[in-house]
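Descriptive analysis of the structure
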Amino acid sequence: MKKTTCAACDCELGPDAISVKLGGKTVEVCCEECAQALGEAEAATASAPAASKD
């Protein structure tokens, strides 16, 4: 059986995993705390200015 892990903390996922949509992809996390952390990280990267390619 394939083991899946949390997208935020790499802990093994149980039957109560939470699905979170990030950047058009759905990922699974182990708890609400990890879901919130990923959401905050995505918001921070979305609001950051794009790096210029000079």
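Preceding block: the structure.
Residues numbered from 1 in each chain as written. Predicted model: local features only at pLDDT ≥ 70, side-chain atom pairs only at ≥ 80, totals over all residues. Heavy atoms only, no water.

1. Quick look at the overall build of the protein chain
The secondary structure content of the protein chain amounts to one helix and two strands. A sequence separation of at least 24 residues applies to 12% of the contacts in the protein chain between residues at least 6 apart. For the protein chain, the accessible area works out to roughly 4400 Å², and carbon and sulfur atoms hold 53% of it. (Helix = DSSP H or I, 4+ residues; strand = E, 2+ residues; numbered from the N terminus. Contact = heavy atoms within 4.5 Å. Areas by Shrake-Rupley, 256 points an atom, 1.4 Å probe, with all protein chains shown as cover.)

2. Let's talk about the pairing of strand β1 (residues 18–22)
Looking at chain direction, β1 and strand β2 (residues 25–29) are connected through five bridges and run antiparallel. Opposite I18, over in β2, you have V29 as the bridge partner. What sits between the antiparallel neighbours β1 and β2 is a turn of two residues, in which G23 has the positive phi angle 55°. (Pairing = 2+ DSSP bridges.)

3. Remarks on the environment of A37
In this structure, A37 sits in helix α1 (residues 32–47). Sequence separation between A37 and A8 is 29 residues, and the spatial gap between their C-alpha atoms is 7.5 Å.

4. Observations regarding α1
In this model α1 runs 23 Å from its N-terminal to its C-terminal C-alpha over 16 residues, within 8% of the 22 Å that 1.5 Å per residue would give. The inward-facing, buried residues of α1 abut β1 and β2. (Expected span 1.5 Å × (residues − 1).)

5. Concerning the nonpolar core
With eight residues, the main nonpolar core is built from C6, L13, V20, L22, V29, C34, A35 and L38. Of all elements in the fold, only β1 and α1 reach the threshold of two or more residues within this core. It is α1 that contributes the most residues to this core, three residues altogether. For V20, the residues in contact, after removing those within four places along its chain, are K25, T26, V27, V29 and A35. (Core = buried A, V, L, I, M, F, W, Y, C linked by side-chain atoms within 4.5 Å. Buried < 20%, exposed > 50% of the residue type's maximum accessible area, 1.4 Å probe, protein only.)

6. A closer look at the environment of D10
Here D10 shows up in the segment before β1. Overall, D10 belongs to the exposed group, its relative accessible area being 56%. The sequence separation of D10 and V29 amounts to 19 residues, and the corresponding C-alpha distance is 8.6 Å. Polar side-chain contacts of D10 include one of 3.0 Å to the side chain of T5. (Polar contact = N/O pair within 3.5 Å; in protein donor to acceptor, adjacent residues only side chain to side chain.)

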